[in-house]
Every structure is written in C-alpha cells, then in structure tokens.
Amino acid sequence: MKKYAVSIILVGIIVILAVVLSGVLIYLKNQPPQSRSLPPVTAVQPLEPDSRIWGLNYPNEYSSLLLTAGNKTPTKYGGSAQQSYLALDPRLVILFAGYSFSQEYNQPRGHQNTLIDIRATKRVTAATHATCYSCKSSDNPGLWSQIGMPAYDKQLFSAMTPKINNPIGCANCHEAGTMRLVITNPAVDTALKAQGIDWRTYTRQQMRSLVCANCHVTYFFSGPDKLLTVPWGDGMKVEDIIKFEDAANTFADWTYPGTGTPIMKSRHPDYELYTAGSTHFNAGVACADCHMPYLRDGAMKYSSHDIMSPLLNPDESCGQCHTDVDDVLARVNTIQEDVHNAKITAEDALVDAIYALQAAVATKNVDPTLLDQARTLHRHAQFMWDFIASSNSQGFHNPDEALRILQNATDLARRAQMMASQAAGDPHLLKTGIYDGMDPKPTPAP
Ligand code: HEC
Ligand code: HEC
Ligand code: HEC
Ligand code: HEC
C-alpha cells in the first residue's frame, strides 16, 4: 500500500515536470529572435523613401550607409575611384561604337552617389526613359506600387526627375516594421516567377544575396515603352540568357556600324555569375558576408552598410572565415590577372572580327547567308565577352565560369572572323592583331 502511494506521487511529479518543461519550451519558441538593435523609437511607414527616418531606429546601419558617399580609393581592378573604363582600355571604344557606352563608361562607386552619377553621365539624353532610374533610388518602391512599373518606365527620365529625391536607401532592401530583406524590383520578381521561384520561401541566408539581385543583375528594355526586363525565363546562365534575348524578337540594343550586327548589351550580371556554381556560393556564402561584414558598436553587433570593395577592408570581409588573409588576397590577385588577360584576348578577337565583317559587308557579291552567320557569331561572342566585362570583381566572384565564358567568346569571335572572310571569299580578312597595330589608340566618342 505504501509502495503504491510512493509510485503515484512519483508519477505525479513526473507529469507536472513534463507539463512545466513543455510550457517553458513553447514559451521560448514563441519569443522573437534576440534583437541586435535598440527597440524602435519611431514607426516607419511602409515604403518610406527617406532613409533618415529609418535611421532614427537604426543609427549604426544608417550612418554606415552614409559613408558610401565618401569612398574614393581605387584597387587594381575596382574600388570607388570611378575611373573611366574607356580610358583604361580603349578597345571598349571600338566594341561599343555606335552606342552611348562608347562616350562614357565609368567604374561604379558607393550607393549614396547614384543620383549624382546617373544625372551626370553622357549616356542619359533627352530621349532617355525613366527606366534608367530603376536601380538608383529609394523613391522607386513607393512609385512602383502607386503607378506600376509599365507606367513608370513609359515616362521620360526628365519627367521623372522631380519625383526622385533619394539615392539608394533602406526601402530598396528592407520591409518597414519587420526589417526583413525583400525583393522590391517588380522586374526581378517577374523574372524569378518565370523560373518558378517564390522568393518569399527563401531563407535569411539566401536573401542576404538575393536582395542585391534587386539591381546587380543583367536586364534589357523591352518594347517602345522601355519596360525593364530581366531575361531569366530560360534560366540564369549566360547561354540561357542569350537564348531568351534571341527569342525576344532578336532583341538588339543597337546595330553595330558597318557590320549590321544586332548587338545586345550585358549589364552587371553579378548575381547570375556568382550563383552559377562558384566555390563561395556552393559553400553557402552570401554577398553580404563579404560586402557587409559585422562590426561592433559596444555590445551591439551590426552589418556594415558601407558597401564597397572587400579588398579595402579584407580583415573584416575575408578574415571572419579565412585565417590567412594575405594568402587569399594573393589568390584574388592571381585570379583577377588571369581573368583580365583572358578578357583582353577576347576583345582582340572581337576587334579583328569586327574589321573583317565591315570589310565583308563592303565587298561586292558577298554571300548573304554566310554573312548573316558571321553576324550571329559576332552577336553571341560580344554578349559572352560583355557578360564578364560588365560584371564586377574581374572574375573573382566565379573564376572558373568567367574563364569558361571568355574562352567561348574568343572562339565565337574567331569563328565570326573566319565566316566573314569566307562570305567575302577574301583570305586577307583573316588578318589578326588589328588593335595592337593601331596608332593612336581610339579615344571616347564625342
Ligand atoms: C567571397 C567574397 C565575395 C562575395 C560572396 C561577393 N563578392 Fe563582390 N567582390 C568581392 C571581391 C574580392 C571583389 C573585387 C573588388 C576589387 O577588385 O576591388 C568584389 C567586387 C564586387 C563589386 C565591384 C566593387 C568594386 O569596388 O569594384 C560589386 C558591385 C560586387 N562585388 C557585388 C557583389 C554581389 C552583388 C554579390 C552577390 C551576388 C557579391 N559581390 C558577392 C568579394 C565578394
Ligand atoms: C542594399 C541593400 C540594403 C540597404 C539599402 C539597407 N540594408 Fe539593412 N541590411 C541589408 C542586409 C543584406 C542585411 C543583413 C541581414 C541579415 O543578416 O539578416 C541588413 C541588415 C540590417 C539590419 C539588421 C541588423 C544588422 O545590422 O545586421 C538592420 C536593423 C538594417 N539592416 C537597417 C537598415 C537601415 C536603417 C537602412 C537604411 C538606412 C538599411 N538597412 C539599408 C541590406 C540593406
Ligand atoms: C537599388 C539598387 C541596388 C541594390 C539593391 C544594391 N546595389 Fe550595389 N550598386 C547599385 C548601383 C546603381 C551602384 C553604382 C553606384 C554609382 O556608381 O553611382 C552600386 C554599387 C555597388 C558597389 C560598388 C561600391 C564601390 O564603392 O565601388 C558594390 C560593392 C555594391 N554595389 C554591392 C552591392 C551588394 C553586396 C548589394 C546587396 C547587399 C547591393 N549592392 C545592392 C545598385 C544597387
Ligand atoms: C562566410 C565565410 C567566407 C567569407 C566571408 C569568405 N570566404 Fe573565401 N571561402 C570560404 C569557403 C567555405 C571556401 C571554400 C573552401 C573549400 O572548399 O575548401 C572559400 C574559398 C576561398 C578561396 C579558394 C577558392 C578557389 O576557388 O580558389 C579563395 C581564394 C577565397 N575563399 C577568398 C576569399 C576572399 C578574398 C574573401 C574576402 C573578400 C573571402 N574568401 C571571404 C568562406 C568564406
């Protein structure tokens, strides 16, 4: 009898302990994640364009974002000095002949400078559409939600200017209130959907890269109303993008003078190149890991919003994962040199192909079928080269893929040249080394 009572008391205690433990676990699970910041001091309206207001709640993030205005230091292939790509490599004046990129084309710099830089460039003219503001301002998410992207893009750049008052800011990347990272660019949302991707299912670590894809992706302007279009319908590799743009009515940004080639311009496909199986991407590293390292303000940890070349603060950017920072920096240097050299080889091949094509077009009785085949080879070669040339990091984001694509670009360009020579029946068009023989070298178009 006594034994029986002891058992009942023991079982009772176990049951009570179990109930208390479950209660504690449920309570813990429902607590918000530990915040690294102070509690909000002001309520931020949805899509608020003014970063100063968000900054009241998050002073470290805000003040580090402001630092992007003052960065001016160059690195060997990048940095924030806004150097002229056309002066650094005059081959570009030839490769972009007939297009605004042959007039002015500078290295990017920090996020606070977007409005100054877009308004100063010679590439913007009276005919430019508002589409060019898409990646430059925290006013956009609000405007897109009010009038929609098609109505926005249809307007002229000059007509949109009075409505654009803020450079890149919090509203481009964060949802007010929750502060979660979001896709705010409708063209990117559409392009993800076309691949069956719902970014809302992405993990936090995936969003730490995808949020940059709001802007650091290639695109083209579709139709007469210049609708911003991200060409991912067939996938995100360079071949998929070429296929998509070829199908979009053999889309062309411009027709190359004298060769008649419909050329498509690639634009900074940083997200596409990085995610195409790079070592870091496969290891789960995000853009923000290298470009927004954690910093400390007393007891508080925050992500640096002073986004720049990681080569300027390698101890923070690389040192969190790599113990030997000097060693990885030496690797970066080798990778960038190799990719740079492969890029110049592709450019020399493209220049030779362009001169051969121009000569073939000017030849009497040229074979029109072979000439067209030469133009298609030129079109694809130029896009492949530009995919790497216009992407940032000089190949570091994905060295293997960058070298693979540049090799293909060189091969296609040489085949374009051979095809042009065959079309004209003139072996003289196989001459190489045309750029090296130029004296003086080309200067930016007026
Ligand atoms: C493993 C680290 C790492 C990751 C991850 C990474 N980058 Fe970079 N990024 C670099 C390095 C290194 C450079 C080269 C900087 C230089 O040459 O000065 C660079 C250059 C850049 C530049 C040009 C900066 C300049 O000053 O020239 C941009 C823009 C950029 N990265 C965007 C991105 C985006 C967007 C992602 C994600 C899709 C990303 N990066 C992922 C390390 C990284
Ligand atoms: C270019 C995109 C971008 C912009 C612009 C941006 N952020 Fe962030 N922000 C990020 C990323 C990426 C993270 C890292 C998120 C994570 O780790 O979950 C982050 C993290 C944060 C966090 C979480 C704490 C931390 O520091 O890691 C806060 C708070 C924050 N940002 C506030 C702001 C504020 C305020 C602004 C405007 C002044 C702003 N951000 C502008 C991309 C951006
Ligand atoms: C709203 C569009 C937008 C978003 C989102 C965005 N960028 Fe940028 N980024 C730009 C533009 C535009 C420039 C060039 C600005 C200029 O030159 O005036 C730029 C420049 C840069 C540079 C060059 C800075 C320098 O000092 O050389 C780096 C690095 C960079 N971005 C990385 C990132 C990373 C990493 C993310 C995601 C966390 C990101 N960006 C998100 C539009 C964006
Ligand atoms: C969040 C962690 C993380 C950060 C930050 C990071 N790396 Fe890495 N890095 C890795 C991992 C993981 C690997 C793959 C290691 C392996 O597979 O053996 C790697 C590999 C490398 C490699 C060898 C890859 C190759 O293909 O040669 C180089 C070089 C490198 N990192 C350079 C850098 C540089 C430069 C930076 C700073 C700009 C940086 N990493 C920032 C995690 C990181």
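Residues numbered from 1 in each chain as written. Chains lettered and ligands numbered in written order. Predicted model: local features only at pLDDT ≥ 70, side-chain atom pairs only at ≥ 80, totals over all residues.

J.: I'd like a rundown of the overall build of the chain, residues and numbers included.
T.: In terms of regular secondary structure, the chain is built from 19 helices and six strands. With 446 residues in all, the chain has 40% of them scored as buried. Expressed as a percentage of contacts within the chain between residues at least 6 apart in sequence, the contacts between residues at least 24 apart total 71%. (Helix = DSSP H or I, 4+ residues; strand = E, 2+ residues; numbered from the N terminus. Buried ≥ 20, exposed ≤ 12 C-beta atoms within 10 Å, placed from the backbone. Contact = placed C-beta atoms within 7 Å.)

J.: Report on the pairing of strand S6 (residues 300-303), specifying residues and quantitative values.
T.: Inspection of the sheet shows strand S5 (residues 294-297) paired to S6 by four bridges, in the antiparallel sense. Within S6, the position partnered with tyrosine 294 by the bridge is serine 303. A loop of two residues connects S5 with S6, the two strands running antiparallel in sequence, and glycine 298 in this loop sits at a positive phi of about 60°. (Pairing = 2+ DSSP bridges.)

J.: How would you summarise the site of ligand 3 if you had to cite specific residues and measurements?
T.: Near ligand 3, the surroundings consist of 27 residues, among which Ser80, Pro108, Asp117, Cys212 and Cys215 are the closest. Counting residues per element, the ones that place at least two in the shell around ligand 3 are helix H6 (114-120) and helix H15 (287-291). If you tally residues by element for the shell around ligand 3, the top one is H15, at three residues. (Near = placed C-beta within 6 Å.)

J.: Residue-level account of the site of ligand 2, with values.
T.: Taken together, 25 residues are adjacent to ligand 2, and Glu61, Cys170, Cys173, Tyr302 and Ser303 come closest. Its residues placed into classes, the shell around ligand 2 shows 13 nonpolar, eight polar and four charged. (Nonpolar A, V, L, I, M, F, W, Y, C, P; charged D, E, K, R; others polar.)

J.: Account for helix H7 (residues 140-147), naming residues and giving values.
T.: Of all the positions in H7, only Asn140, Pro141, Leu143 and Trp144 are classed as buried. Viewed end-on, H7 has its buried residues packed into an arc of 165°, placing them on one side of the element. Where H7 is buried, its residues meet helix H8 (149-154) and helix H10 (186-194). Glycine 148 lies just past H7 and shows a positive phi near 85°. (Arc of directions from axis to C-beta.)

J.: Tell me about H10, residues and numbers included.
T.: Residues spaced three or four apart along an α-helix face the same direction, because each turn holds 3.6 residues. When we look at burial in H10, the residues that qualify are Pro186, Ala187, Val188 and Ala191. Tucked into the core, H10 has its buried residues touching H7, H8 and strand S2 (227-229). Once H10 ends, the next one or two residues include glycine 196, with phi positive near 75°.

J.: So what's going on with the environment of tyrosine 99? Which residues, and what values?
T.: On the secondary structure map, tyrosine 99 appears in the loop between helix H5 (91-95) and H6. Residues tyrosine 99 and threonine 323, spaced 224 residues apart in sequence, show a C-alpha to C-alpha distance of 46 Å. Sequence-distant contacts of tyrosine 99, defined by excluding residues within four places in its chain, comprise Asp253 and Trp254.

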